[in-house]
Amino acid sequence: MTVHTYGTIDFNQPNTGSPFPTLNGDLAVLARLAAAFAPHETAPPSMAVTLDAGALHVAGALVEVARQTSPAIAPPSASPRIDRVTISPNTGLLTVTVGTEAANPVAPAIPAGQLPVAQLRLDVGVTAITNARIRDERVAPAGMSGGGSGTAGGLIGIQTFTSSGTYTPSTGTASVVVELIGGGGAGGGSAATSGSQGAAAGGGSAGAYARARFTTGFAGAAVTVGAGGAATSAASPRGNAGSASSFGSLVTAPGGLGGYVGFAASPGTVIGGSEPGPVATGGNLFNTTGNGGDPAFVIGTGAVVGGNGGNSAFGGGGIAGGNGPGGSGGAPGAGGGGASAIFNTAGRNGGAGANGLVIVYEYSA
């Protein structure tokens, strides 16, 4: 591209020579940065995605990567799915990681050693991946920094763990920021009721949350993602607790506690929500407990309300409506909702707590 001294864009400059020559030059400079590895639909749109050309700095050398298009991506068969597009920081070649089909799908983890470029939202029956289905998630201007080079101290990668594993740093990682949340506690179950009773159970509490930065000792850390408490029957005295998430021995976020059972009771009874669980440890930036679950109410034999699960740092807890089983935690680490039942109703299960989450943000020197 032609060299140009970038200045403040002025839409009121005189129109001499080619139309708006200075403005055109300024936009050309910005385009070099903004277009690097930019994801977009193919022309015409198809079941593939195109990345514009970009440049990488690898082992002291500049590597120019041409525009590239992914192989055809199969649409989901039964439920929506989110796929992820990444590139290698050494070659710039793209990879598509296929997600898991679900009613509320989540993006798959960024593969170790890859840099994020885009997420693709695919619905059943989709025949083309248009721009409306593409979410740009590039993390650095000029199309990333290969081999860990680039802006000093800049973000070079993100690894998200939704299941336990081992953390392997991407090339060039000098420090990491880790955030994690324990599994949410389950809501309490409701007991069987007679004609003069109702039952309502408290919500489970969210898992504890921690955030920490490490400059040493993080490579090869064992990552544990805490499980949410399993759905709880009315026979249990309270909901099942969630388990802890951890990053090696450096930081731990305990799970949330279960909600109290909804015993058969006369109208005018209140059942307490679960209290917050233990506080996180090792978070040198932030340690906290999870939010407690909401209380439940037996207002009348035909009017009952379970307790909602505690909200987590990532989103809402399970919903507990009137006269029904508890809803599952809706976001990582959130508590499950408590069950409830009107008169002459069988016992019901409390909602499961949501599994925890561990995210590692990688920074260059």
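Everything here concerns the structure above.
Residues numbered from 1 in each chain as written. Predicted model: local features only at pLDDT ≥ 70, side-chain atom pairs only at ≥ 80, totals over all residues. Heavy atoms only, no water.

Draft legend 1. How the structure looks around the packing of aromatic side chains. This model, assessed by the stated rule, comprises 5 aromatic pairs. Between Tyr167 and Phe218, the aromatic rings sit 6.4 Å apart at their centres with planes inclined by 50°, giving tilted as the arrangement. Note that Tyr167 is positioned in the loop between strand S11 (165-166) and strand S12 (175-181) and Phe218 in the loop between strand S14 (209-214) and strand S15 (222-224), a separation of 51 residues in sequence. The class for Tyr167 is buried, based on a relative accessible area of 0%. Measuring from centroid to centroid gives 6.3 Å for Phe214 and Phe247, while their planes differ by 10°, and the two rings are stacked. Here the residue Phe214 occupies a position in strand S14, and Phe247 occupies one in strand S16 (residues 245-247), the gap between them amounting to 33 residues. Judged on exposure class, the residue Phe214 and its partner Phe247 are both buried. One aromatic cluster is present, formed by Tyr167, Phe214, Phe218 and Phe247 through successive ring pairs. Positioned above the aromatic ring of Tyr260, the side-chain terminus of Arg238 is 4.1 Å from the ring centre. (Phe/Tyr/Trp six-rings, centres within 6.5 Å; stacked < 30°, edge-to-face > 60°. Helix = DSSP H or I, 4+ residues; strand = E, 2+ residues; numbered from the N terminus. Buried < 20%, exposed > 50% of the residue type's maximum accessible area, 1.4 Å probe, protein only. Lys NZ or Arg CZ within 6 Å of the ring centre and 35° of its normal.)

Draft legend 2. Just the layout of surface pockets, in detail. Taken as a whole, the largest pocket holds about 690 Å³ of empty space. In terms of lining, the largest pocket is formed by 26 residues, of which the most central are Val106, Ala107, Thr162, Pro332 and Leu357. Elements with a contribution of two residues or more to the lining of the largest pocket: strand S8 (115-122), strand S10 (155-161) and strand S23 (357-363). Here the element with the most residues in the lining of the largest pocket is S23; it accounts for 3 residues. Residues of the lining of the largest pocket, tallied by class, amount to 16 nonpolar, 7 polar and 3 charged. (1 Å grid on protein atoms, 1.4 Å probe; cavity = no way out; pocket = protein on both sides within 12 Å on 5 of 7 lines; lining within 4 Å. Points joined across faces, edges and corners; volume = space filled by probe spheres on them. Nonpolar A, V, L, I, M, F, W, Y, C, P; charged D, E, K, R; others polar.)

Draft legend 3. Highlighting the pairing of S14. Two strands pair when backbone bridges link them, and S12 and S14 are joined in this way by 6 bridges, in the antiparallel orientation. Across the sheet, Val176 pairs through a bridge with Phe214, a residue of S14. (Pairing = 2+ DSSP bridges.)

Draft legend 4. Quick peek at unusual backbone geometry. Look at the link from Ala43 to Pro44: it is a cis peptide, with omega at -5°. Note on placement: Pro44 falls in the loop between strand S1 (39-41) and strand S2 (49-51). The backbone of Phe37 shows a phi angle near 60°, a positive value even though the residue is not glycine. Relative to the assigned elements, Phe37 resides in the loop between helix H1 (21-34) and S1. Look at Asn323: it is not a glycine, yet its phi comes out positive at around 60°. Mapped onto the secondary structure, Asn323 falls in the loop between strand S21 (303-305) and strand S22 (340-341). Judged by its relative accessible area of 31%, Asn323 is partly exposed.

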